[in-house]
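# Topology and contacts: notes
In case you want the letters, here they are:
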Amino acid sequence: FIRGIDILVTQGFIQGDIINFGSGTQTTNLQVLQAWQQVTGITSAPVDYQGGQMKRVQRDAEFWCCDTSYANSQYGFATRYTLEEGIRDFIKNKQK
């Protein structure tokens, strides 16, 4: 995401343009927690995970993932990090 913003600041952008910066991969909250645990080795998070699904409402989509093809074709943005690499980079930068 930060690199995408940097691209816009450096190259310029179309005013009012809507741009999705992301991985283009749907990830659940549980998968994010598991990736965090894998990277950090911390398995006891201050989170009480409750399995199952929330009640769906009519406006809910089956698939929650942004389409990043426009960001790629218009601005040359492509994801360079996996979720795990992003977590490692986040931790590294927080420790500076």
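Now for the pattern of salt bridges. The final tally for this structure, using the stated rule, is one salt bridge. Put simply, Lys92 and Asp89 hold a salt bridge, and the shortest N to O gap is 3.7 Å. In this pair, Lys92 and Asp89 both sit in helix α4 (residues 83-94), three residues apart, roughly one turn of the helix. Residue Lys92 is classed as partly exposed on the basis of its relative accessible area of 47%. By relative accessible area, which is 21% here, Asp89 ends up partly exposed.

Let us look at the packing of aromatic side chains. One pass over the full model with this rule turns up two aromatic pairs. Ring geometry for Phe21 and Phe77: centres 4.8 Å apart, planes at 65°, overall edge-to-face. Of this pair, Phe21 sits in the loop between α1 (2-11) and α2 (29-40) while Phe77 sits in the loop between α3 (69-75) and α4, and the two are 56 residues apart along the sequence. Residues Phe21 and Phe77 agree in their burial class; the two are buried.

Estimated volume of the second largest pocket: approximately 680 Å³. The wall of the second largest pocket is formed by 18 residues, among which Phe1, Ser23, Thr79, Tyr81 and Thr82 lie closest to the centre. If you list the elements that add at least two residues to the lining of the second largest pocket, you get α1 and α4. Ranked by the residues each element gives to the lining of the second largest pocket, the list is headed by α4, at three residues. The class makeup of the residues in the lining of the second largest pocket is eight nonpolar, seven polar and three charged.

Our next topic: the packing of α2 against α4. Viewed as axis vectors pointing N to C, α2 and α4 meet at an angle of 60°, and their least axial separation amounts to 9 Å. In this view, α2 runs oblique relative to α4, as classed from their interaxial angle. Every pair of crossing elements has a handedness; the one defined by α2 and α4 is right-handed. Contact with α2, carried on its side by Gln31, Val32, Ala35, Trp36, Gln38, Val39 and Thr40, involves Leu83, Glu84, Ile87, Arg88, Phe90 and Ile91 of α4 and no other residues of that element. Along the lines of polarity and charge, the residues of the contact of α2 with α4 split into eight nonpolar, three polar and two charged.

Conventions we followed
- Residues numbered from 1 in each chain as written.
- Predicted model: local features only at pLDDT ≥ 70, side-chain atom pairs only at ≥ 80, totals over all residues.
- Heavy atoms only, no water.
- Salt bridge = Lys/Arg side-chain N within 4 Å of Asp/Glu carboxyl O.
- Helix = DSSP H or I, 4+ residues; strand = E, 2+ residues; numbered from the N terminus.
- Buried < 20%, exposed > 50% of the residue type's maximum accessible area, 1.4 Å probe, protein only.
- Phe/Tyr/Trp six-rings, centres within 6.5 Å; stacked < 30°, edge-to-face > 60°.
- 1 Å grid on protein atoms, 1.4 Å probe; cavity = no way out; pocket = protein on both sides within 12 Å on 5 of 7 lines; lining within 4 Å.
- Points joined across faces, edges and corners; volume = space filled by probe spheres on them.
- Nonpolar A, V, L, I, M, F, W, Y, C, P; charged D, E, K, R; others polar.
- Axes fitted to C-alpha atoms, helices over the stretch in contact; angles between N-to-C directions.
- Parallel < 35°, antiparallel > 145°, perpendicular 65-115°, else oblique.
- Left-handed = near helix turned anticlockwise from the far one by under 90°.
- Contact = heavy atoms within 4.5 Å.

Interpretation in functional terms is not warranted from these geometric data alone.
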